[in-house]
Structures are given as structure tokens and as C-alpha cells.
Amino acid sequence: MKSQEPRRDEEKGRIVLFRPRVPRARNDNLRRPDPRRSPVDDLAKYERGRDNESYRHRMVNNVLAFVVLSLIVYCGIWLANTMSQLRKDQDCVLTGRTNCAPIRLPVEPR
């Protein structure tokens, strides 16, 4: 059995040297953060007063969110039922049955 090692005259590969990244300390344009100052800006500019709250606006948004979520749940249930019925019909056909699709006839009153 021959050895799988390369011969000395064959090329074994190539070494690629990577230059190290320039450290961030070389950039003198950056300001040094003040250790006494908070790193987060003041959030007071985003606060709203109690007088700006609109109960009606919140309730309208809640109702709209409920309607959208209800629609999504309904579509999911409908999709699951449709897929289940299609799987049942496909299983029926693949087993060789001939009466797989139900035929609905109107009921006549007597």
C-alpha cells in the first residue's frame, strides 16, 4: 500500500499571512467618555404627560389588534382543516378506493 503523504518535490500548500487589525487606540479623533456622565442620554424628551393619554385611542387600538389576531387564528384553523381534509382524500385515493369524494345531494322534503 502506498503512503498518502506528499513527496518533498510536490507542493504541500501555501501559507497566507494576515496583517493584524489596527487597534482603535491609534484614532485620536475619538472623544474619551466622561466616567461621571451616564452613557445613556436623558429619556425625559420621550416622556408624555398624563394629560396626553387618550383612553379611547388605546381602546380602539386594542380592538383593532384583537380583530387582526382573530383573523390570523381563523385563517390558521381553516388552513389546518383544509390540509387535513386533503390528506384524508389523498390517503383514500392512494389506497385504491373509488368512492373517496362525497357527493352531496339536496334533501327533498316529503
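For the structure itself, consult the block above.
If you're wondering where the values come from, they're calculated on a predicted model, not measured in any experiment.

K.L.:
Which residues make up the overall build of the protein chain, and what are the values?
P.N.:
Across its full length, the protein chain carries one helix and zero strands. Every one of the 110 residues in the protein chain was classed for burial, and the buried ones make up 2%. If you sum the accessible surface of the protein chain, you get close to 12900 Å²; carbon and sulfur atoms cover 56% of it.

K.L.:
Could you give me a rundown of the state of the cysteines, with the residues and numbers involved?
P.N.:
This model, assessed by the stated rule, comprises one disulfide. With its sulfur 2.1 Å from that of its partner, cysteine 92 forms a disulfide with cysteine 100. Its torsion about the S-S bond being -85°, the disulfide of cysteine 92 and cysteine 100 is classed as left-handed. Overall, cysteine 92 belongs to the buried group, its relative accessible area being 13%.

K.L.:
Describe a nonpolar patch on the surface, and please don't skip the residues or the numbers.
P.N.:
A surface patch of nonpolar side chains, about 600 Å² in accessible area, is lined by Leu71, Tyr74, Trp78, Leu79 and Met83. Assignment of secondary structure puts tyrosine 74 in helix α1 (residues 55–94). Judged by relative accessible area, which is 57%, tyrosine 74 ranks as exposed.

Basis of the calculations
- Per chain, the residues get numbers from 1 upward, laid out in the order the sequence is written.
- Given that this is a predicted model, residues contribute local features only at a pLDDT of at least 70 and side-chain atom pairs are listed and counted only at 80 or more, while totals for whole chains, interfaces and linings are drawn from all residues.
- Think of the side-chain values as coming from all heavy atoms in the structure, minus any hydrogens and water.
- The helix count covers DSSP runs of H or I at least four residues long, the strand count covers runs of E at least two residues long, and both are numbered beginning at the N terminus.
- Classification of residues uses two cut-offs on accessible area relative to the type maximum, computed with a 1.4 Å probe and protein chains only: under 20% is buried, over 50% is exposed, and between them is partly exposed.
- To measure how exposed things are, a 1.4 Å probe is used in the Shrake-Rupley method; for residues, cover is taken only from the protein chains shown.
- Counting rule for disulfides: a pair of cysteine sulfur atoms within 2.5 Å.
- Patches were defined on residues exceeding 30% relative accessible area and lacking a salt bridge, with like-charge contacts within 9 Å and nonpolar side-chain contacts (Val, Leu, Ile, Met, Phe, Trp, Tyr) within 5 Å.
- Salt bridge, as used here: a side-chain nitrogen of Lys or Arg that lies within 4 Å of a carboxyl oxygen of Asp or Glu.

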